[in-house]
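A closer look at the structure
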Amino acid sequence: MSSREAILGAIRSAQPKALSLPDLDALGVGGRMEGTLVNFIAMLDFIGARVVRAAKLEDATTWLRENIPVNEAIASTVPQLPGTVDLSGISDPHDLDGVHTAVFPARFGVCENGAVWIEETDLGHRVLPMIAEHLFIVVRADQIVADMHAAYGRVGKIGSGFGLFLAGPSKTADIEQCLVIGAHGARGATIFIWGE
Amino acid sequence: MVRTKRDRQAVKVPDWEALREAASKIKEHTLSRLSEYLEQFEAHAIANGVQVHWARDGEEHNRIVHDILARRGAKKLVKSKSMLTEECHLNHHLEQHGIEVIDTDLGERIVQLQKMPPSHIVMPAIHLKRAEVGEVFHEHLGTPRGLDDAQQLTEAARQHLRQHFLTADAALTGVNFAIAETGGFVVCTNEGNADMGAHLAPVHIACMGIEKLIPKQEHLGVFLRLLARSATGQPSTVFSSHFLKPRPGQEMHIVLVDNGRSRQLGREDFRKSLACIRCAACFNTCPVYRRSGGYSYSFFISGPIGSILAPNVDKAAHGDMPFASTLCGSCSAVCPVKIDIHAQLLKWRQEITAAGHSPWWKTLAMHATAFVLKRPALYAFAGRMTRRFTPLVNALKLDPWTKARTLPDAPKESFREWMQKQGRSR
Ligand code: SF4
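Residues numbered from 1 in each chain as written. Chains lettered and ligands numbered in written order. Predicted model: local features only at pLDDT ≥ 70, side-chain atom pairs only at ≥ 80, totals over all residues. Heavy atoms only, no water.

The secondary structure content of chain B amounts to 20 helices and 10 strands. In terms of its C-alpha atoms, chain B occupies a principal-axis envelope of roughly 85 × 55 × 45 Å. Out of the 426 residues belonging to chain B, those deemed buried represent 58%. Within chain B, contacts between residues separated by at least 24 positions form 73% of all contacts whose residues are at least 6 apart in sequence. Total accessible area on chain B is roughly 18200 Å²; 56% of this is exposed by carbon and sulfur atoms. Positive and negative charge centroids in chain B, built from 56 and 43 side chains respectively, lie 9 Å apart. (Helix = DSSP H or I, 4+ residues; strand = E, 2+ residues; numbered from the N terminus. Buried < 20%, exposed > 50% of the residue type's maximum accessible area, 1.4 Å probe, protein only. Contact = heavy atoms within 4.5 Å. Areas by Shrake-Rupley, 256 points an atom, 1.4 Å probe, with all protein chains shown as cover. Lys, Arg positive; Asp, Glu negative; His and termini not counted. Charge placed at Lys NZ, Arg CZ, Asp CG, Glu CD.)

Structure, rendered in structure tokens:
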């Protein structure tokens, strides 16, 4: 007997009679937190992300020029905000080591925890949000959902092979519980929120 | 400290109790139809281009992982946090076969360099002081002697581990949740180490216990809202990564491990322990864990949940663990999936004693206690003797407990004597 059959057989004889799935609405799960831009921004601040507000996406050009040292590598997947690294020419993700700032879009933001949803197709390389030293993530102001239930409603079927909720810069508290920003992933995350 | 942070986050969520109830019910449902959901998960994962393996026990799990690595000629494996691989002693097995294993979670790397196991399932090096970490890094990473700044130590580890990420032949991650309807799985970290490993290496192996399954993607909404808040008091982990398919040119494997879980599933009283999402909230609130630390337990998962998982594996070897509890119930009160931890501890005590795994002196002591408690005069006499002879106990140090500790001074009078005096003066 294969291990698969052995395990499934053992489970079949051990599991109790089938219980039904709970009705989440009846339990009162979700929809009880406010999904406002103000709250979203406050949450981003709480989790250590930097927020930049602007009317137009193009306004980000100025911010990037003023805040990223010249000669540093910028990898961007936002056509309006071209970077210095030609992502289409990179086939090996290891070559992204040394990128100073990664610029990419998020589909929407989640008010309750400051996370933004990112799809693989918007990244070029899956490792981009971790390997870059800093992140510059653009999201539209009208794309904010209240909680994670609404968020999964928006995510729907993930068409690509990878997607993630990203909430602020990477961090650790593994040494004496002292919070340190910048573990293995980015040392800083700027969320650029544009539009009304 | 972590407990306070958890409380602060939990009260900010108006539907917190509804979420706990939902999580508990979803897990119970899943466990009642686990075989179906596993088959569903497997079919979808295969359709996504992932190779699925089944392991009856730790040994088979280790063999599967080693075979995958050997076929690719892999020499270096970067690993993110996985209690399952601790359970199976994977590192040791691979090292014997000449494969270098690098734990990449900062806390796990620290204890790995010390050749010690993690002392906590979320914060593996919680028992160490900054200066001790500095010592370890000085010896292994060449940082200046005496460095004890958390920021600088973390930076040193970042540089050191980045080199390993860039040169690894394969990456291994744990799994927080596996979704039956999509065949995908979610890995949550704050450091980004699971992603750094998995997205760079040509091979990604994800190892999971069969209880990690949930039916639908939308259920992640429930579990992700609970997990980070319960674990570290954050509203969300930094990275909640949803893996579905390997990236082009990459090999992705999932290893499904039983190793005693189907047996626990068949034990009605203890089945619910399989709902655990390993948040460690029960550790952080436990008065016993907080005083004694992870190394005082005999099982690789310590704390309250470890104490109900361990006897399933070996009742005799870990028979002590369910007794190391005050049964205060604080663990059950914070558990995000509502496991009745303290009730299960009590049930294990009964099973262990009935199976004869309780030491003879404990049985004798219990009988003696019962004898005394039934006789009020004898009880009063015993109390007087104890009060009189406490200094002697401290001086003789007969009990191992008193070797490093001094019993507090006994009060001059007993509660009963005090009561009688109160009655008289009134
Ligand atoms: S038993 Fe509950 S509180 Fe303890 S680690 Fe598991 S899920 Fe968390």
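On to the overall build of chain A. A tally of helices and strands in chain A yields six helices and 11 strands. Across its three principal axes, chain A shows a C-alpha extent of roughly 65 × 45 × 40 Å. In chain A, which comprises 196 residues, the proportion classed as buried is 55%. Put simply, 74% of the contacts in chain A that link residues at least 6 apart link residues at least 24 apart. Entry remark: accessible area of chain A is about 8200 Å², with carbon and sulfur atoms responsible for 52%.

Right, let's talk about the pattern of salt bridges for a bit. All names here are of chain B. The full count for this structure, using the stated rule, is 35 salt bridges over all chains. The salt bridge partner of Arg72 is Glu251, with a shortest N-O separation of 2.9 Å. Of the two residues, Arg72 is situated in the loop between helix H4 (58-71) and strand E2 (76-79) and Glu251 in strand E10 (residues 251-257); the sequence distance between them amounts to 179 residues. Exposure remark for Arg72: the relative accessible area of 42% places this residue in the partly exposed category. Between Arg387 and Glu417 there is a salt bridge, with its nearest N and O atoms 3.4 Å apart. (Salt bridge = Lys/Arg side-chain N within 4 Å of Asp/Glu carboxyl O.)

Right, let's talk about the UniProt feature "domain: LUD" (unreviewed entry) in chain B for a bit. The residues that UniProt annotates with the feature "domain: LUD" (unreviewed entry) are residues 38-236 of chain B. The span residues 38-236 of chain B shows a helical share of 48% and a strand share of 18%, and its end C-alpha atoms are spaced 27 Å apart. (UniProt positions renumbered as here; feature names shortened; annotations may be inferred.)

Another aspect to go through is the domain arrangement of chain B. Many authors give the size of an interface as the accessible area that is lost as the parts come together. All names here are of chain B. Here chain B is described as being made up of domain 1 (2-128 + 169-259), domain 2 (271-354) and domain 3 (363-425). Here domain 1 meets domain 2 over a buried area of about 2500 Å², counting both sides, of which 62% is carbon and sulfur. Area buried by domain 1 at its contact with domain 2 is led by Arg3, Arg20 and Ile121, which between them contribute 24% of it. At the boundary of domain 1 and domain 2, one finds three salt bridges. The partner of Lys338 in a salt bridge is Glu21, and the shortest N-O contact between them spans 2.6 Å. Counting the contacts that link domain 1 with domain 2 gives 10 residue pairs in polar contact (both at pLDDT 80 or more). Put simply, the parts of the chain that give the side of domain 1 that touches domain 2 at least two residues each are helix H1 (2-11), helix H2 (16-32), helix H5 (83-88) and helix H11 (220-231). (Domains from an automatic or database assignment. Buried area = accessible area lost by both parts, 1.4 Å probe. Polar contact = N/O pair within 3.5 Å; in protein donor to acceptor, adjacent residues only side chain to side chain.)

In the vicinity of the ligand there are 13 residues, among which Cys276(B), Cys279(B), Ala280(B), Cys282(B) and Cys335(B) approach most closely. Here the shell around the ligand is composed, by residue class, of 12 nonpolar, no polar and one charged. (Near = heavy atom within 4 Å. Nonpolar A, V, L, I, M, F, W, Y, C, P; charged D, E, K, R; others polar.)

Attention now goes to the sheet that holds strand E7 (residues 144-145) of chain A. The eight strands are arranged E7(A)-E4(A)-E5(A)-E8(A)-E9(B)-E6(B)-E5(B)-E8(B) in an open sheet whose pairing can be described as mixed. If you trace the sheet from one side to the other, it starts and ends with E7 of chain A together with strand E8 (213-214) of chain B, each paired once. Against the sheet, helix H6 (residues 148-155) of chain A contacts strand E4 (108-110), strand E5 (116-119), E7 and strand E8 (162-166) of chain A together with strand E9 (239-243) of chain B, and its axis sits at roughly 160° relative to E4(A). H11(B) rests against strand E5 (177-179), strand E6 (184-189), E8 and E9 of chain B of the sheet, and its axis sits at about 175° to E5(B). (Pairing = 2+ DSSP bridges. Axes fitted to C-alpha atoms, helices over the stretch in contact; angles between N-to-C directions.)

Turning our eyes to something else, we now look at a nonpolar patch on the surface. Among the surface-exposed residues, Phe389(B), Leu392(B), Leu396(B) and Leu398(B) lie close enough to one another that they form a single nonpolar patch of about 420 Å² accessible area. If you trace the backbone, Phe389(B) turns up in helix H19 (residues 376-396). (Patch = residues over 30% accessible without salt bridge, like charges linked within 9 Å, V, L, I, M, F, W, Y side chains within 5 Å.)

Next up on the list: the packing of helix H1 (residues 3-14) of chain A against helix H3 (residues 34-47) of chain B. Two numbers describe how H1(A) lies on H3(B): the axes approach to 8 Å, and their chain directions differ by 145°. In contact with Arg4(A), Leu8(A), Ile11(A) and Arg12(A) of H1(A), H3(B) contributes Leu34(B), Ser35(B), Leu38(B), Glu39(B) and Glu42(B).

Residue and element names in this part refer to chain B. Relative to the assigned elements, Lys272 resides in the loop between helix H12 (261-266) and helix H13 (281-285). Here Val337 takes part through its backbone oxygen, which lies 3.2 Å from a polar atom of the side chain of Lys272. Apart from residues lying up to four places away in sequence, Lys272 is in contact with Ser24, Glu28, Val337, Lys338, Ile339, Asp340 and Gln344.

The next point concerns the UniProt feature "domain: LUD" (unreviewed entry) in chain A. In this numbering, the UniProt entry assigns the feature "domain: LUD" (unreviewed entry) to residues 105-191 of chain A. Helix makes up 14% of residues 105-191 of chain A and strand 34%. Its end C-alpha atoms lie 10 Å apart.

What follows covers the interface of chain A and chain B. On the side of chain B, 93 residues touch chain A, which itself brings 74 residues to the contact. For the pairing of chain A and chain B, the buried interface totals around 6900 Å² over both sides, and the portion due to carbon and sulfur atoms is 61%. On the chain A side of the contact with chain B, Asp174(A), Ile175(A) and His184(A) bury the most area, a combined 12% of that side's loss. Summed over the shared surface of chain A and chain B, the number is nine salt bridges.

With that settled, consider the sheet that holds strand E11 (residues 188-194) of chain A. Backbone-to-backbone hydrogen bonds pair the strands of a sheet. The strands run either parallel or antiparallel. All names here are of chain A. One open sheet accounts for five strands, arranged E1-E11-E6-E3-E2; its pairing is parallel. Both outer strands of the open sheet, strand E1 (50-54) and strand E2 (74-76), are each paired with one neighbouring strand and no more. Here the average twist between neighbouring strands, direction ignored, is 20°. Two strands pair when backbone bridges link them, and strand E6 (residues 134-140) and E11 are joined in this way by seven bridges, in the parallel orientation. Each bridged residue has a counterpart across the sheet, and for Arg140 the counterpart in E11 is Trp194. Here helix H3 (residues 37-46) sits on the sheet in contact with E1 and E11, set at roughly 165° to E11.

Before going further, it helps to examine H6(A). All names here are of chain A. Met148, His149, Ala151, Tyr152 and Val155 are the residues of H6 that are buried. Viewed along the axis of H6, the buried residues span an arc of 155°, placing them on a single side of the element. Where H6 starts, the residue carrying a side-chain oxygen 3.1 Å from the main-chain nitrogen of His149 turns out to be Asp147. Gly156 sits one or two positions beyond H6 and adopts a positive phi of about 60°. (Arc of directions from axis to C-beta.)

Here we come to H11(B). Residues and elements named next belong to chain B. Under the 1.5 Å per step criterion, the end-to-end length of H11 is 16 Å for 12 residues, consistent within 8% with the ideal 16 Å. Most of H11 sits inside the fold, with 12 of its 12 residues counted as buried. Of all the residues in H11, the buried ones are Leu220, Gly221, Val222, Phe223, Leu224, Arg225, Leu226, Leu227, Ala228, Arg229, Ser230 and Ala231. (Expected span 1.5 Å × (residues − 1).)

Before going further, it helps to examine the packing of aromatic side chains. Under the criterion given, the structure shown has 13 aromatic pairs over all chains. Look at Phe185(B) and Phe243(B): their rings are 5.2 Å apart centre to centre, the planes differ by 10°, and that puts the pair in the stacked class. Of this pair, Phe185(B) sits in strand E6 while Phe243(B) is found in strand E9, placing the two residues 58 residues apart along the sequence. Classification of Phe185(B) by relative accessible area gives buried; the value is 1%. The ring of Phe46(A) is capped by Lys12(B), whose NZ or CZ atom sits 5.3 Å from the centre of that ring. In this structure, Lys27(B) packs its charged tip against the face of Phe223(B), placed 5.6 Å from the ring centre. (Phe/Tyr/Trp six-rings, centres within 6.5 Å; stacked < 30°, edge-to-face > 60°. Lys NZ or Arg CZ within 6 Å of the ring centre and 35° of its normal.)

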